[in-house]
Amino acid sequence: MSRRRIEILSDKAAIVERSRQIVCDIIQDSIATQGRCTMALAGGSTPKPLYEALAKESIDWSKLHIFWGDERYVAPDHPDSNERMARSAWLNHVSIPANNIHPMPTGMDDPAIAADAYEKELKDFFQVEADHFPVLDLVLLGMGDDGHTASLFPNTPALEVRDRWVTVGNKQDSIRITLTIPLLNHAKTTIFLVSGANKNTALQNVLAPSSSSIDSKMFPSRFIQPPGNLWWLLDQAADGECNFGQRS
């Protein structure tokens, strides 16, 4: 079972500060103990100020390897690109080697081929045994008001994929590339960043006990149950009157 911790922060700025503390500690501890840190990034508006804060930190960036949890199938310079956002907010402002940044490819005619290519890049990097999944040191995730995370949307085929590391995700007509549930469930530490009152209903379903009758395919964030540390950092607006966790 995951070591789940839920913290209720005052507002989005407090989420950013708390997540900055946790992320910096994990990066530095991973570098100290194993010589590197591997991290998968989230897209969306909530992580952007976190990335801007990380750009001001003094860390040995040469020991950090950056991956993505998902990506919209657009060019890297497109305004909707998760890669573009992370580079402009953080990666372009620190001395991280270009080879340490591993964006999802989005320039192929077939997104399924792109998913295969990213899976191969991950396999070449992590060098794990066949039929095993890599262990990322840190995964950042957001959650939509429909309960989705990464590009794992309610009642979509991506939720059924258990034998792949990377697959195609779909949100209506928007094509995505996404890490799969089993890969995400092998992370050492996972941090959900959730802000806004519009997330409250989804949170009530996602954070409900495992014994409940809620269908996880309707709220895919329920599937994310890694064996390591699972942090949910919520602001008071997202928590509402539910008292999901400890208030800070």
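The structure we're discussing is the one just above.
The notes below deal with the structure included here.

Aromatic rings in a pair are described by how distant their centres are and how their planes are angled relative to each other. Inspection of the entire model under this criterion finds seven aromatic pairs. Summarising the aromatic geometry, the rings of Phe67 and Phe125 are spaced 5.3 Å apart at their centres and angled 70° between planes, so their arrangement reads as edge-to-face. Of this pair, Phe67 sits in strand E3 (residues 64-68) while Phe125 sits in helix H4 (residues 111-126), and the two are 58 residues apart along the sequence. For the pair Phe67 and Phe125, one class covers both residues: buried. Arranged with centres 3.8 Å apart and planes meeting at 0°, the rings of Phe192 and Trp232 form a pair that is stacked. Of the two residues, Phe192 is situated in strand E8 (residues 189-194) and Trp232 in strand E9 (residues 229-235); the sequence distance between them amounts to 40 residues. Neither residue differs from the other here; Phe192 and Trp232 are each classed as buried.

In this section: the nonpolar core. Core analysis: the largest hydrophobic core is formed by 80 residues, its most contacted members being Met39, Tyr51, Trp90, Leu140, Leu179, Trp232 and Leu234. By residue number, the principal contributor to this core is helix H1 (residues 12-34), which donates nine residues. Residue contacts for Leu179: discarding those within four places in its chain leaves Ala40, Trp68, Gly69, Met104, Tyr118, Leu122, Leu136, Leu152, Trp165, Val166 and Leu184.

Following both chains from N to C, one finds H1 and helix H2 (residues 47-54) inclined at 50°, their axes separated by 9 Å at the closest point. Relative to H2, the element H1 is oriented oblique. Handedness of the crossing formed by H1 with H2: right-handed. On H2, the residues that touch Lys12, Val16, Ser19, Arg20, Val23 and Cys24 of H1 are Pro49, Leu50, Ala53 and Leu54. Residue classes in the contact of H1 with H2 are distributed as seven nonpolar, one polar and two charged.

The next subject is the sheet that holds strand E5 (residues 138-142). The strands making up a sheet associate through hydrogen bonds between their backbones, and the pairing can be parallel or antiparallel. Taken in spatial order, the seven strands make up an open sheet running E3-E2-E5-E8-E9-E1-E10, and their pairing is parallel. If you trace the sheet from one side to the other, it starts and ends with E3 and strand E10 (246-247), each paired once. Where strand E1 (residues 3-9) meets E10, two bridges bridge the pair, whose relative direction is parallel. Considered in E10, the bridge of Glu7 is made with Gln246.

With 23 residues, H1 should reach 33 Å at 1.5 Å per residue; the first-to-last C-alpha distance of 32 Å fits that figure. Those residues of H1 not exposed but buried are Ala14, Ile15, Val16, Ser19, Arg20, Ile22, Val23, Cys24, Ile26, Ile27, Ser30 and Ile31. The distance from a side-chain oxygen at the start of H1 to the backbone nitrogen of Ala13 is 3.3 Å, and the residue carrying that oxygen is Asp11.

Bringing the sheet that holds strand E4 (residues 70-72) into the picture now. Spatially, the three strands line up as an open sheet ordered E4-E7-E6, and their pairing is antiparallel. Of all the strands in the sheet, the pair left with one neighbour each is E4 and strand E6 (166-171). Sheet twist, expressed as the mean angle between neighbouring strand axes with direction ignored, is 25°. Direction of pairing for E4 relative to strand E7 (residues 174-179): antiparallel, over a ladder of three bridges. For Glu71, the partnering residue across the bridge sits in E7 and is Ile177. Each of E6 and E7 is contacted by H4, which is oriented at about 140° to E6, the strand it contacts most.

With that settled, consider the pattern of salt bridges. Taken as a whole, this structure holds eleven salt bridges when the rule is applied. Between Glu57 and Arg20 there is a salt bridge, with the nearest N and O atoms lying 2.9 Å from each other. Of the two residues, Glu57 is situated in the loop between H2 and E3 and Arg20 in helix H1; the sequence distance between them amounts to 37 residues. The exposure class assigned to Arg20 is buried, which follows from its relative accessible area of 18%. The closest approach of N and O atoms between Glu160 and Lys217, which form a salt bridge, is 2.9 Å. Residue Glu160 is found in the loop between E5 and E6, and its partner Lys217 is found in the loop between helix H6 (200-206) and E9; the two are separated by 57 residues along the sequence. On the basis of relative accessibility, which here comes to 48%, the residue Glu160 falls in the partly exposed class. Each of Asp116, Glu119, Lys123 and Arg164 takes part in salt bridges that share partners, so that together they form one network.

The rules behind these values
- Residues numbered from 1 in each chain as written.
- Predicted model: local features only at pLDDT ≥ 70, side-chain atom pairs only at ≥ 80, totals over all residues.
- Heavy atoms only, no water.
- Phe/Tyr/Trp six-rings, centres within 6.5 Å; stacked < 30°, edge-to-face > 60°.
- Helix = DSSP H or I, 4+ residues; strand = E, 2+ residues; numbered from the N terminus.
- Buried < 20%, exposed > 50% of the residue type's maximum accessible area, 1.4 Å probe, protein only.
- Core = buried A, V, L, I, M, F, W, Y, C linked by side-chain atoms within 4.5 Å.
- Contact = heavy atoms within 4.5 Å.
- Axes fitted to C-alpha atoms, helices over the stretch in contact; angles between N-to-C directions.
- Parallel < 35°, antiparallel > 145°, perpendicular 65-115°, else oblique.
- Left-handed = near helix turned anticlockwise from the far one by under 90°.
- Nonpolar A, V, L, I, M, F, W, Y, C, P; charged D, E, K, R; others polar.
- Pairing = 2+ DSSP bridges.
- Expected span 1.5 Å × (residues − 1).
- Polar contact = N/O pair within 3.5 Å; in protein donor to acceptor, adjacent residues only side chain to side chain.
- Salt bridge = Lys/Arg side-chain N within 4 Å of Asp/Glu carboxyl O.

It is worth stressing that arrangement in space is one thing and function is another; only the former is reported here.
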